[in-house]
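A structural walkthrough
What follows is the residue order along each chain.
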Amino acid sequence: MSSLPDELWRRIFEIGIGISGFSYKDLCCISISCRRFNRLSCEDPLWSHLLSTDFPLTHTSSPIASSSSSSSKTLYKLRFERDKKRRVAAHWRALLRKESQIYEHSRRIREIDTRIAQETTKMEETAAELYNLRRVRQASVALNVWQLEVVRGRQSQMLQQCVVPAESRIQALEMDLTLCSQQIKWLKNSYEYERCRLKTAKEKLVSMKYNPVQEHKPASGGKEHIFHAEGVGTPFPKRKKERI
């Protein structure tokens, strides 16, 4: 290593950054290996290439980048810190969105639970009324066997004066009972579906809080964000390595 000139090592570093995909982390690791590498890794052309590669949109237009007194390494550090704050803020926005989703799923589950209770009560009342009407109809048929003609005539007059005939009422109650049963079945399916979504959202929230080394996609389908465990994000995706 010591026999190689600085120009050769400088060229090796340039090839590593330009072709092999060296990142700022690799360059920092190289700088702590020895004093010579520390001096060579701090040279402006290397960090200028990293700056233009990792921050291509803001490198030339940034007012910080136009300062002639700042080195490329200093500009890279400033841009990295600003990008870090942006990514941390995006991470917290993703957490808030996920918590909002959990609250919305919980609210829907409560609403569905209330509707299931209402439909169950309605079905029980309909079933009780239907049972009573069927009992009355069976009793009327049994009484017609031995009732006197006068009593049967009066009963016929009372039935004719009813606004809704008993048979029509029974059919309506049977239809209501069927509809209530179908509605309760549909509500239970919706309840289980919302419970699965709530469970998935809670698991995702726990993963985002305690294992944030992952990509968070915003709801609008925008740019993805990558975070480290301490909340510090890498300012760029890792470049693909190519063979020399």
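Right above here is the structure, for reference.
This text gives an overview of the structure that appears in the document. Quick caveat, the model's predicted, so the values are computed rather than measured.

The rules behind the values
- Residues numbered from 1 in each chain as written.
- Predicted model: local features only at pLDDT ≥ 70, side-chain atom pairs only at ≥ 80, totals over all residues.
- Heavy atoms only, no water.
- Helix = DSSP H or I, 4+ residues; strand = E, 2+ residues; numbered from the N terminus.
- Contact = heavy atoms within 4.5 Å.
- Areas by Shrake-Rupley, 256 points an atom, 1.4 Å probe, with all protein chains shown as cover.
- Salt bridge = Lys/Arg side-chain N within 4 Å of Asp/Glu carboxyl O.
- Buried < 20%, exposed > 50% of the residue type's maximum accessible area, 1.4 Å probe, protein only.
- Axes fitted to C-alpha atoms, helices over the stretch in contact; angles between N-to-C directions.
- Parallel < 35°, antiparallel > 145°, perpendicular 65-115°, else oblique.
- Nonpolar A, V, L, I, M, F, W, Y, C, P; charged D, E, K, R; others polar.
- Arc of directions from axis to C-beta.
- Core = buried A, V, L, I, M, F, W, Y, C linked by side-chain atoms within 4.5 Å.
- Phe/Tyr/Trp six-rings, centres within 6.5 Å; stacked < 30°, edge-to-face > 60°.

This paragraph deals with the overall build of the protein chain. If you tally the helices and strands in the protein chain, you get seven helices and two strands. Secondary structure of the protein chain in N-to-C order comes out as α-α-α-α-α-α-α-β-β. The long-range share in the protein chain, meaning contacts at least 24 apart out of those at least 6 apart in sequence, stands at 72%. Counting every atom, the protein chain has about 17000 Å² of accessible surface; 57% of that belongs to carbon and sulfur.

One pass over the structure, following the stated rule, counts 12 salt bridges. Its salt-bridge partner being E14, residue R11 comes within 3.5 Å of it at the nearest N-O pair. Taken together, the residues span about one helical turn, with R11 and E14 both in helix α1 (residues 6-18) at a distance of three residues. The salt bridge partner of E111 is R107, with a shortest N-O separation of 2.5 Å. Residue E111 and its partner R107 are both found in helix α5 (residues 72-146); the two are separated by four residues, about one turn of the helix. Classification of E111 as partly exposed rests on a relative accessible area of 42%. For R107, a relative accessible area of 27% corresponds to the partly exposed category.

Once that is clear, we can look at the packing of α1 against helix α4 (residues 44-54). At a minimum axis separation of 10 Å, α1 and α4 run at an interaxial angle of 5°. Classified by the angle between their axes, α1 and α4 sit roughly parallel to one another. Between α1 and α4, the residues in contact are F13, E14, I17 and G18 and L46, H49 and L50, respectively. Tallied by class, residues from the contact of α1 with α4 come to four nonpolar, two polar and one charged.

In this section: helix α2 (residues 24-31). Within an α-helix, residues lying three or four positions from one another point in the same direction, as the helix has 3.6 residues per turn. When we look at burial in α2, the residues that qualify are Y24, L27, I30 and S31. All buried residues of α2 lie within an arc of 120° about the axis, which places them on one face of the element.

Core analysis: the largest hydrophobic core is formed by 16 residues, its most contacted members being F13, Y24, L27, F37, W47, L50 and Y76. Those elements that place two or more of their residues in this core are α1, α2, α3 (35-41), α4 and α5. Per element, the largest residue contribution to this core is four residues, and it comes from α4. Among the nonpolar cores identified, the runner-up in size contains eight residues, and L95, I102, I109 and L205 belong to it.

Mapping E194 onto the fold places it in helix α7 (residues 166-210). In contact with E194, not counting residues within four places along its chain, are H105, R108, I109 and I112.

Now for the packing of aromatic side chains. Enumeration over the complete set of coordinates arrives at five aromatic pairs. Plain terms: the ring middles of W9 and F13 are 6.3 Å apart, the flat faces sit at 40° to each other, and that makes the pair tilted. One end of the pair is W9 and the other is F13, both in helix α1 and four residues apart, which spans about a single turn. Here W9 matches F13 in class, with each residue buried.

Locating E119 in the fold gives a position in helix α5. Among the residues examined, E119 registers a relative accessible area of 19% and is labelled buried. Note: C-alpha distance between E119 and L179 (60 residues apart in sequence) is 9.7 Å. What E119 contacts, discounting residues up to four positions off in sequence, is C180, Q183, I184 and L187.

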